[in-house]
Amino acid sequence: MPIEIRELIIKTQILTTDRNAPAGIKEKDLNLLKKQVLEECRRIISGSAERNSYKR
């Protein structure tokens, strides 16, 4: 009778940063990214709405 033994080993390394270090993203850059994501979502939604408009 065959026996199968499986073993999963997950190794992780957790690094912490200094709390006094400056933030990686500036507020101005974050706002620009938010605008770009919002515009892209609107474009995709409006594009899918045009494709799904059925003529009856």
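Below: a short report on this structure. Keep in mind that what you see is a predicted model, and the values were worked out from it rather than measured.

### Overview of the overall build of the chain
Phase 1 of the analysis: Along its length, the chain carries one helix and zero strands.
Phase 2 of the analysis: Out of the 56 residues in the chain, the part that is buried amounts to 0%.
Phase 3 of the analysis: Of the roughly 6,800 Å² of accessible surface on the chain, a fraction of 56% belongs to carbon and sulfur atoms.

### What about a nonpolar patch on the surface?
Phase 1 of the analysis: Where nonpolar side chains cluster on the molecular surface, the patch consists of I25, L30, L33 and V37 and spans about 340 Å² of accessible area.
Phase 2 of the analysis: What makes L30 partly exposed here is its relative accessible area of 30%.

Rules used throughout
- Residues numbered from 1 in each chain as written.
- Predicted model: local features only at pLDDT ≥ 70, side-chain atom pairs only at ≥ 80, totals over all residues.
- Heavy atoms only, no water.
- Helix = DSSP H or I, 4+ residues; strand = E, 2+ residues; numbered from the N terminus.
- Buried < 20%, exposed > 50% of the residue type's maximum accessible area, 1.4 Å probe, protein only.
- Areas by Shrake-Rupley, 256 points an atom, 1.4 Å probe, with all protein chains shown as cover.
- Patch = residues over 30% accessible without salt bridge, like charges linked within 9 Å, V, L, I, M, F, W, Y side chains within 5 Å.
- Salt bridge = Lys/Arg side-chain N within 4 Å of Asp/Glu carboxyl O.

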